[in-house]
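Next come the chains, spelled out residue by residue.
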Amino acid sequence: KNIRMISLKAQGPGSILHISFNQDNSCFACGEHDGFFVADACPLKERFRREFDGGFGEVEMLNKCNILALVGGGANPQYPKNKVIIWDDYQVQSITELAFQSDVKAVRMRKDRIVVVLEKRTDIYDFVELKLLDQIETFNNPLGLCGLSAETDLVLACLGEKVGEVRIDLYKQNRTYTLPAHATAITQLVLNQSGTRLATASEKGTMVRLWDTLNGKKVAEYRRGTQTAIITSISFNRESTMICVASSTGTIHIYSCDENIENQTSSFAVFKGWMPLAGDVWSAKKIYINEQNAIAAFGEKEGNKHIVIVLCASGKYYKYSFTDGASECHLEETYMFAGRHG
């Protein structure tokens, strides 16, 4: 999936429990205390809304189609938190469900697979027959971390069995391996759409690492900052030439993954080796928002303008743009997409 799902803390009645983008960032889904809705990300436009008595902690889209995976959430969940409800919005009803012994932490979907993430296990199902194909034991995974390629070859990234470890499954090559991504617990784990690149971050939140999934080698390392922070989302653009990183500092960092486009490097690069931050790669561009809990993703380009969409736990929506040569990002639009009835 192109962006890491985030489950947002409840802020009161009618508040947001969950926000996530779909596989290509063209839409997003929002779970609330009293239902869920799906909206186009750019331009912002609600597609449909379903109201219930209970809450939704996970709302996973399958591209732009009518099928959703739902999990109950909040103090009064609409469905048990240990069940995945497969919802057909054309029929406006549940068509089947999967039940588990423990709470479901996240769900990922593509047209041929459903992946259900539990705290210590990740289950892979065939989408059509709902047949269990694989069960992977993982390290403690309260955030429901999991990456699933959206296109062509099936690639799965999940936690390994040790702290800081990532397991990569390349199904076409019938190959599985683990890589020691971080020294501390992983808090973000995101694949690009094709599954060829993996971005990770740890609970320290100071570095983002980029990996080649075909060989397990580290491609790049980016510094978010020097102080510990919670990285709330990482997203690739469609071409995988950039990533945007949102954190609890209220900053969205944009890094180039293209060797021909410069990020900022420390001015002390000549001293690398004995100065701890010398030569580190810092973000090429930054967006400052007054929000500690937000996710960000690249929208579809508009001419020569790159688009970044930011969705906040407060219900605020921001659309920013920038061009390749510019150092600044420009705020184009801001709205409230949820929370008015809170």
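Just so you know, these numbers come straight off a predicted model, no measurement behind them. For every chain, the first residue of its written sequence is number 1, and the numbers climb from 1 along that sequence. Local features are withheld for residues below a pLDDT of 70 in this predicted model, meaning they are given only at 70 or higher, and side-chain atom pairs are given and counted only at 80 or more; totals for whole chains, interfaces and linings count all residues. Computation of side-chain values: all heavy atoms of the structure, hydrogens and water removed.

Colleague: What is the right way to read the packing of aromatic side chains from this model?
Modeller: Aromatic ring pairs are described here by two measures, namely the spacing of the ring centres and the angle between the planes. Pairing of aromatic rings covers Phe, Tyr and Trp, the last counted by its six-membered ring, and requires centre-to-centre distances within 6.5 Å; plane angles under 30 degrees mean stacked, over 60 mean edge-to-face, and any other angle means tilted. Using the criterion set out here, one finds 14 aromatic pairs in the structure. An angle of 80 degrees between the planes, with centres 6.3 Å apart, marks the rings of F100 and Y125 as edge-to-face. With F100 in the loop between β9 (93-99) and β10 (106-110) and Y125 in strand β12 (residues 121-126), the pair connects residues that are 25 residues apart, well separated along the chain. The burial state of F100 is the same as that of Y125; both residues are buried. Members of the aromatic cluster, connected to one another through ring pairs, are F36, F52, F56, Y79 and W87. Under the DSSP-based scheme used, a helix requires at least four consecutive residues in state H or I and a strand at least two consecutive residues in state E, with every element numbered from the N terminus. To sort residues, take the accessible area from a 1.4 Å probe on protein chains only and compare it with the maximum for the residue type: under 20% means buried, over 50% means exposed, and anything in between is partly exposed.

Colleague: Just checking my understanding: could you explain unusual backbone geometry for this structure?
Modeller: Glycine aside, residues mostly have negative phi angles, and peptide bonds mostly take the trans form. Geometrically, the link from C42 to P43 is a cis peptide bond, its omega value of -5 degrees lying close to zero. As for its position among the elements, P43 is in the loop between β4 (35-41) and β5 (44-51). Although it is not a glycine, N25 adopts a positive phi angle of roughly 65 degrees. Relative to the helices and strands, N25 is located in the loop between β2 (16-21) and β3 (27-32). Phi at T152 takes a positive value of approximately 45 degrees, unusual for a residue other than glycine. With respect to the element layout, T152 can be found in the loop between β14 (147-148) and β15 (155-159).

Colleague: Is there a simple way to explain the pairing of β2 in this structure?
Modeller: The two faces of a sheet get side chains in turn, since along a regular strand they alternate between them. Along β2, six of the six residues are buried, which leaves the element largely enclosed by surrounding structure. In the sheet, β2 pairs with β3 via five bridges, with the strands oriented antiparallel. What sits directly across from F21, in β3, is F28. By the convention used here, strands pair only if DSSP detects at least 2 bridges between them.

Colleague: Even after reading the chapter, I still don't get the sheet that holds strand β28 (residues 294-302), so can you show me in this structure?
Modeller: Strand pairing in a sheet is mediated by backbone hydrogen bonds. Such pairs are either parallel or antiparallel. Strand order in the open sheet formed by four strands is β28-β29-β30-β31, with antiparallel pairing between adjacent strands. Two strands in the sheet have a free side with no partner beyond their single neighbour: β28 and β31 (330-336). Taking each pair of neighbouring strands and ignoring which way they run, the sheet shows an average axis angle of 20 degrees. Sheet analysis places β28 next to strand β29 (residues 305-312), joined by seven bridges and oriented antiparallel. Directly across from I295, in β29, lies its bridge partner L311. Only the contacting stretch of a helix is used when fitting its axis, a line to C-alpha atoms as for every element, and angles between N-to-C directions run 0 to 180 degrees.

Colleague: Sorry if this is basic, but what is going on with the confidence of the model for the protein here?
Modeller: Interpreting fine coordinate detail is not advised for predicted regions of low pLDDT. Here the protein averages 87 in pLDDT, and 87% of its residues register 70 or above. Confidence scores labelled pLDDT are given residue by residue by the predictor and lie between 0 and 100. The spread of mean pLDDT over the elements of the protein runs between strand β1 (residues 6-7), the lowest at 42, and strand β16 (residues 165-170), the highest at 98. Residues are treated as being in contact if the distance between any of their heavy atoms lies within 4.5 Å. Low confidence marks residues 1-14, where pLDDT is under 50. Its contacts with residues over four positions away, or in another chain, come to 75 contacts. A low-confidence stretch, residues 266-279 (pLDDT under 50), is modelled with 17 contacts involving residues beyond four sequence positions or located in other chains.

Colleague: Which parts of the structure should I look at to understand the sheet that holds strand β7 (residues 67-72)?
Modeller: Strand order in the open sheet formed by four strands is β6-β7-β8-β9, and the pairing between neighbours is antiparallel. Single-partner strands in this sheet number two, and they are β6 (56-61) and β9. Within the sheet, the average angular offset between the axes of one strand and its neighbour, ignoring direction, is 25 degrees.

Colleague: Help me understand the nonpolar core in this model?
Modeller: Across soluble globular proteins, nonpolar side chains have a tendency to be buried as a group. By size, the foremost hydrophobic cluster in this structure holds 17 residues, and its most contacted members are I252, I254, I287, I289, V308, V310 and Y320. Secondary-structure elements contributing two or more residues to this core are β23 (242-247), β24 (251-256), β28, β29 and β30 (316-322). The contacts of V310, once residues within four sequence positions are left out, are I252, I289, A294, I295, A296, K316, Y317, Y318 and Y320. What is meant by a nonpolar core is a set of buried Ala, Val, Leu, Ile, Met, Phe, Trp, Tyr and Cys residues, joined one to another through side-chain atoms within 4.5 Å.

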